[in-house]
Amino acid sequence: MFKKNVDAKALQRLSGADKKKLRRTAKQRFPQASDEDLDAILPPKVEITVAKYPSRTLVYGIEGELPMLFDIDGRGHELFPTVYALWKAPDLLPAFTLKGGEVSHFILGGADLMFPGIRVPPEGLPSFQAGQPWSVKVPGNPAPIAVGTTTMSDTEAIKAGLRGKALRIAHYYKDLLWASADGCYVPNEGFYDDMVVEDPNFASASQLDSSEDPADGKQDEAAVAASDSHVGDPSVHSETIEDITAGVHELNLPEQKTTEEPTEEKEHQHLSTEEIDSLLDKCLLQALYTNVKDKDLPMPGSTLWSGHILPCRPPGVTLDIKKSSHKKLSKWLQSKSSSGLITAKEDKHKKEVILMGINRKHPDYMAFKPEKRVQEPVEQPDDAVAEGSGSNQLEVDETYKPSSHVNPIFLAVGADTGRYYSASDASDVVFSYVEKENLVKPTDRAKVILDVTLCDALYKGAVKKGSAYPSEIHKKDLGSTFINRMQIHHRVARGNEVVVRKGAIRTVQIMTERRQGNKKMTRVSGLECFLLDADSLASELQKKFACSTTTAELPGKKGQYEVLVQGGVIENLAKHLVDHYGVPKRYIEVYDKTKK
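As the structure is a prediction and not an experimental result, all values here were calculated from the model.

Would you mind showing me how to read the sheet that holds strand S11 (residues 299-300) here?
The strands making up a sheet associate through hydrogen bonds between their backbones, and the pairing can be parallel or antiparallel. With antiparallel pairing, the three strands of this open sheet are ordered in space as S11-S13-S12. The sheet is open, and its two edges are formed by S11 and strand S12 (342-347), each paired on a single side. With two bridges connecting them, S11 and strand S13 (residues 352-358) associate as antiparallel partners. Each bridged residue has a counterpart across the sheet, and for Met299 the counterpart in S13 is Leu355. Here helix H13 (residues 329-338) sits on the sheet in contact with S12 and S13, set at roughly 140° to S12.

Pasting the structure below:
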């Protein structure tokens, strides 16, 4: 992001209202930040300046001192703290810890963070979603060295075998944004020009803390903070995937937190081993009833745990497999297999238990009554939503999965054929193959020579009989041709809910037609594609437009509903879906049948 030297177009002070708006945006963007953290990076009684760059990037700083925040798109959607801000408030963002200080050399060289370079803690990979801001730390050093955006969720990462890109780095120590500060500095002795290692002062303090028995809650918190950043036991790195995923747990997002959560977690910590075993069995049955379908099998045990069992636990409860009598996820699943509830086997290559089948006639399954968990809608004012409410924020991405046509290309470069790829990542795969096989035409570097494997991937079954197969392709056409041979999917995320569906995303259709004389009726369908509940929307529109509304299931389309709104509110309704729910305009189709 800040690899090239670009001068700011303008520098100006923020007004009081703009300072308050910036603070609100930062609070929404960094939900785990405390008020003290925000005061540290945006002092209330200090002038804040904003520098505007030609790329629309905005850099906010304390006047006469250091840059604290930068906004890539200039609208607050991609707001990040600088490393200077993270050195003042290290817990402003959740952090990935590198396996060692030597990995930091690549980050400082401008590379993105890959999953193989991340140290996975014994309790498992933390919960995260694609598109979230995270920082990067070196073990034994409390000061973050970089910030970026996650490229996938923890569930997708586990499915991909913890391979691929974890964090798209936006800013790092030693880049031009760091160097632009008048008083640029390093936070401790572990920071060198080309590498960051553990801070010797922090390491010695951590060892001292770990040798003492904490006397109160504050000392407990300090010990936990030190252990999170401390260099792990070398044996941790040789643990199997089974051990790594045995204690995977999710982070509770701020929208779900209540003042009762600490009490609930404290009560859970006093549960006996038998009570925890019972809770595990209940969550498993709830997941088998509501989430896990036969078509999803076989399923890795880690996916079953993080993607299905954990979401079924009671609100505010931390479910830790290590506190059960089984201690490990694999042993627990094998015990359920022995009882006949499920069929599971161990993958000797991946060292992980795989769920192969479900006995839905098992007495425990037949006797279990699943809980109906209805999420209560939270009413928010329109202006709060417009500024980027986390619960209503929508993300829509097209994604692609390798098909039988292109699988040989993925296998040839060692890429996973079972995960989803963005268009750019898929293009990287085919160009990696071209580079690996040296297929660039020597006499024309803009063209690629097609070998048998690449030609079949691009054209097998698509060329008419009797026609000759191409022998070369222009580089500008290679990526799009390759992507067209893959299976298109779409990923929709709203808050904590993430859905990946096969095929291109369908549009929301809004149609106004006449009913009984001159009366008008507006119909809205396709809401499920964007994770919108028809009943909730109908109730909301009834209040907003002061008219009668109803919902009805679409004929022949089970589970798909339309909302019927009295009157011709077609334009206002489309605007409401865009402004309030974030549905992109390009995915809304409007038909007015009342106009001739």
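When you look at the nonpolar core in this model, what are you seeing that I'm missing?
Note on soluble globular proteins: their nonpolar side chains tend to be buried together. With 64 residues, the main nonpolar core has Tyr60, Leu69, Phe70, Leu113 and Ile145 as its most contacted residues. With near-sequence residues (within four places) excluded, Phe70 lies in contact with Phe2, Leu58, Val59, Glu78, Leu79, Phe80, Pro81, Thr82, Val147, Ala170, His171 and Leu177.

How should I be thinking about the packing of helix H20 (residues 534-545) against helix H21 (residues 570-581) in this particular structure?
The geometry of a pair of packed helices is captured by two quantities: the angle between their axes and the separation between those axes. Following both chains from N to C, one finds H20 and H21 inclined at 115°, their axes separated by 12 Å at the closest point. Here the hand of the crossing between H20 and H21 comes out right-handed. Side by side, H20 and H21 meet where Leu537, Glu540, Leu541, Lys544 and Phe545 of the first sit next to Asn572, Leu573, His576, Leu577, His580 and Tyr581 of the second. Considering only residue class, the contact of H20 with H21 consists of six nonpolar, three polar and two charged.

Mind showing me how you'd approach the pairing of strand S2 (residues 48-52) here?
Remark: a regular strand shows side chains that alternate across the two faces of the sheet. The element S2 is extensively covered by neighbouring structure, given that four of its five residues are classed as buried. Pairing of S2 with strand S3 (residues 58-62), which is carried by five bridges, proceeds in the antiparallel orientation. Across the sheet, residue Ile48 finds its bridge partner in S3, namely Ile62. Hairpin connection from S2 to S3: five residues lie between these consecutive antiparallel strands, with Arg56 at a positive phi of about 75°.

I would appreciate a short explanation of the sheet that holds strand S22 (residues 561-566) in the present structure.
If you trace the five strands from one edge of the open sheet to the other, you get S21-S22-S20-S19-S23, paired in mixed fashion. Two strands lie at the open edges of the sheet, namely strand S21 (549-553) and strand S23 (588-592), each paired on one side alone. Taking the axes of each pair of neighbouring strands and ignoring which way they run, one obtains an average angle of 20° across the sheet. Taken together, the seven bridges between strand S19 (residues 508-515) and strand S20 (residues 519-525) define a ladder with antiparallel strand orientation. For Gln509, the partnering residue across the bridge sits in S20 and is Ser525. Along the sheet, H20 makes contact with S21 and S22, crossing S21 at roughly 160°. Packed on one face of the sheet, H21 meets S19, S20 and S23 and runs near 170° to S23.

It is not clear to me how H13 should be interpreted in this structure. Could you clarify?
Given 3.6 residues per helical turn, the α-helix brings residues three or four places apart onto the same face. By the burial criterion, the buried members of H13 are Leu329, Ser330, Trp332, Leu333 and Lys336. End-on, the buried residues of H13 take up no more than an arc of 165°, which puts them together on one face. Gly340 lies just past H13 and shows a positive phi near 95°.

Any chance you could explain unusual backbone geometry here in plain terms?
In this structure, Leu162 takes a positive phi of about 55° despite not being glycine. The class for Leu162 is partly exposed, based on a relative accessible area of 21%. Notably, Lys174 is not glycine yet its phi reads approximately 90°, a positive angle. Within the secondary structure layout, Lys174 lies in the loop between strand S10 (165-172) and helix H6 (176-179).

Scoring rules and cut-offs
- Residues numbered from 1 in each chain as written.
- Predicted model: local features only at pLDDT ≥ 70, side-chain atom pairs only at ≥ 80, totals over all residues.
- Heavy atoms only, no water.
- Pairing = 2+ DSSP bridges.
- Helix = DSSP H or I, 4+ residues; strand = E, 2+ residues; numbered from the N terminus.
- Contact = heavy atoms within 4.5 Å.
- Axes fitted to C-alpha atoms, helices over the stretch in contact; angles between N-to-C directions.
- Core = buried A, V, L, I, M, F, W, Y, C linked by side-chain atoms within 4.5 Å.
- Buried < 20%, exposed > 50% of the residue type's maximum accessible area, 1.4 Å probe, protein only.
- Left-handed = near helix turned anticlockwise from the far one by under 90°.
- Nonpolar A, V, L, I, M, F, W, Y, C, P; charged D, E, K, R; others polar.
- Arc of directions from axis to C-beta.

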